[in-house]
Amino acid sequence: AVTLDSLARAKGMRFGTATDQSELVQPDLAALIARECSVVVGENAQKWKKLEPREGVFRDENAQAIAAFAAIHDMELRGHCFVWNQDDRIPGWLLEREDELAKNGGEGLIRQMWEHARQLADAFPTVASWDAVNEVITPWEGEVRDALLSRILGDRLMDVGFAMMREVAPEAQLVYNDYMSWQKRPNHRNGVLKLLEGALSRGVPIDALGIQSHLINTLAQPIDERGWRDFMQSVQDMGLKVLITELDTGDRYLEETDPAKRDAEIAAFTKGYLDLTLSFENVERIVLWSISDRDTYLNRPQYPEGKRRPDGLPFRAHPFDAELRKRPMYDAIAAAL
Ligand code: XIL
């Protein structure tokens, strides 16, 4: 049967989604993912804060369920993520100890990172591609974010993070993952290019760039096609592969409320984005950040009020609705492949 993954494979790519144990226990959702995808990644299950909520307490049941699902269905497992340069994304027990971790050029932090890297590699030996470092650059200024990891290590966060993952998982692809986009916001893109160029020139073993692609804000906002093309070209020229790692299309600023019209706009916008982005040959994966409205974080109660649609209508950001029926975004992705 023709599926998004079969279409992707015909082009030498693969298609996938983020998921969670709580979704894989739903037989219809699990069957849908197994049919349409050949890549899975934990939406939250492998994050340091989730895996090790208290020092030395390692909770990997959720992530192991995802790894097992991937193995049973012969899918590729992605790892997300080793380190994330935002203070609310690392364990509180680390954050509390910043002064101690910073001593002697960050000796304490480096020791903690080694332990974490080894734990990840031991627990998840089947991961084919790791997001080694996540979200270093700020979107507005395009500078290294002020967060514990970079306060202590600065740019060396790249060197240290990638070297450790290469050491513990020598076979895995190593990815730098961030949310620079095709929006008119060049600083984020330029900051990421600078970060990658610097690291590559120091011999940091980066294999690929992960482009998150949360198109939450860009529908009905100015986009910069030229800037995006230049960015993609620069990444290709650096010899890096590209993965679309977290695709969803939110119509936060679209005033339209009619569901059919919203779906049509979302589909067209997604197609435009993919047509442009997939015109670069180094793109090798397209991974959704949830496959349906049933499992998306965008409609969960915890999702911040300020990032929702002003009219309060739920997002329709995925190729399947909550009943797992295809919507126009599905055909848009298929057409772009
Ligand atoms: C998000 C998850 O989807 C949410 O459930 C969680 O509350 C916060 O993190 N960039 C990333 C992902 O790299 O890990 C984030 O996932 C979305 C933005």
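Residues numbered from 1 in each chain as written. Predicted model: local features only at pLDDT ≥ 70, side-chain atom pairs only at ≥ 80, totals over all residues.

1. Concerning the overall build of the protein chain
A count of helical and extended segments in the protein chain gives 13 helices and 9 strands. Here the C-alpha radius of gyration of the protein chain, 19 Å, is about what a compact globule of 337 residues would show, namely 20 Å. Overall, the protein chain is about 60 × 45 × 40 Å in size when its C-alpha atoms are taken along their principal axes. The buried share of the protein chain, taken over its 337 residues, is 44%. Across the protein chain, contacts joining residues at least 24 apart in sequence account for 78% of those joining residues at least 6 apart. (Helix = DSSP H or I, 4+ residues; strand = E, 2+ residues; numbered from the N terminus. Rg over C-alpha atoms; globule rule 2.2 N^0.38 Å. Buried ≥ 20, exposed ≤ 12 C-beta atoms within 10 Å, placed from the backbone. Contact = placed C-beta atoms within 7 Å.)

2. Topic: the pairing of strand E5 (residues 173-178)
With respect to burial, E5 is a largely interior element, 6 of its 6 residues being buried. Across 5 bridges, strand E4 (residues 127-134) lies against E5 in parallel orientation. For Trp130, the partnering residue across the bridge sits in E5 and is Leu174. Here E5 runs beside strand E6 (residues 208-211); their pairing, made up of 4 bridges, is parallel. The residue of E6 that forms the bridge with Asn177 is Gly210. You can see the chain leave E5, run along helix H10 (residues 186-201) and come back into E6, and the turn it takes is right-handed. (Pairing = 2+ DSSP bridges. Right-handed = clockwise from strand over helix to strand, strands pointing away.)

3. Focus: the confidence of the model for the protein chain
When pLDDT is averaged along the protein chain, the result is 97; 100% of the residues meet or exceed 70. Here the predicted complex scores 0.98 on pTM and 0.99 on ipTM. (pLDDT = per-residue confidence, 0-100.)

4. Here's the deal with helix H9 (residues 156-168)
In this model, H9 (13 residues) spans 18 Å end to end at C-alpha, consistent with the 18 Å of a helix rising 1.5 Å per residue. When we look at burial in H9, the residues that qualify are Leu157, Met158, Val160, Gly161, Phe162, Met164 and Met165. Contacts made by the buried residues of H9 are with strand E3 (76-84), helix H7 (98-123), E4, helix H8 (148-153), E5 and H10. (Expected span 1.5 Å × (residues − 1).)

5. Let's talk about H7
Taking 1.5 Å of rise per residue, the 26 residues of H7 would be expected to cover 38 Å, yet its terminal C-alpha atoms sit only 27 Å apart, more than 12% below that figure. A bend of about 125° at Asn104 is the largest found in H7. Turning to H7, its buried residues are Leu101, Gly106, Leu109, Gln112, Met113, His116, Ala117, Leu120 and Ala121. Where H7 is buried, its residues touch helix H4 (48-51), E3, helix H6 (92-95), H8 and H9. (Bend = angle between axes of the 7 residues up to and from the residue.)

6. Some points on the environment of Ile286
As for its placement among the helices and strands, Ile286 is situated in strand E9 (residues 283-288). A count of 28 C-beta atoms within 10 Å places Ile286 in the buried class. In this structure the C-alpha to C-alpha distance between Ile286 and Gln212, which are 74 residues apart in sequence, comes to 9.7 Å. Excluding residues within four positions of it along the chain, Ile286 makes contact with Ala8, Met13, Phe15, Ile244 and Leu247.

7. Considerations on the environment of Gln236
By the element assignment, Gln236 lies in helix H11 (residues 225-237). By C-beta crowding, Gln236 is classed as partly exposed, having 16 other C-beta atoms within 10 Å. Spatially, the C-alpha atom of Gln236 lies 34 Å from that of Tyr303, the residues being 67 residues apart in sequence. Discounting chain neighbours no more than four positions away, the residues touching Gln236 are Phe280 and Asn282.

8. A closer look at the packing of H7 against H9
Running from N to C, H7 and H9 cross one another at 35°; their axes reach a closest spacing of 9 Å. In the crossing of H7 with H9, the sense of the turn from one axis to the other is right-handed. Listed contacts from H9 to Ile110, Met113, Trp114, Ala117, Arg118 and Ala121 of H7 are Val160, Met164, Met165 and Val168. Classifying every residue of the contact of H7 with H9 by side-chain character gives 9 nonpolar, no polar and 1 charged. (Axes fitted to C-alpha atoms, helices over the stretch in contact; angles between N-to-C directions. Left-handed = near helix turned anticlockwise from the far one by under 90°. Nonpolar A, V, L, I, M, F, W, Y, C, P; charged D, E, K, R; others polar.)

9. Here's the deal with the pairing of strand E2 (residues 39-42)
The alternating pattern of E2 places Val39 and Val41 on one face and Val40 and Gly42 on the opposite face, and all of these are buried. Across 4 bridges, the pairing between strand E1 (residues 14-19) and E2 is parallel. Following the sheet pairing, Ala18 is matched in E2 by Val41. Strand direction decides the pairing type here: E2 and E3, joined by 3 bridges, are parallel. In the sheet register, Val39 faces E3, and the bridge partner there is Glu76.

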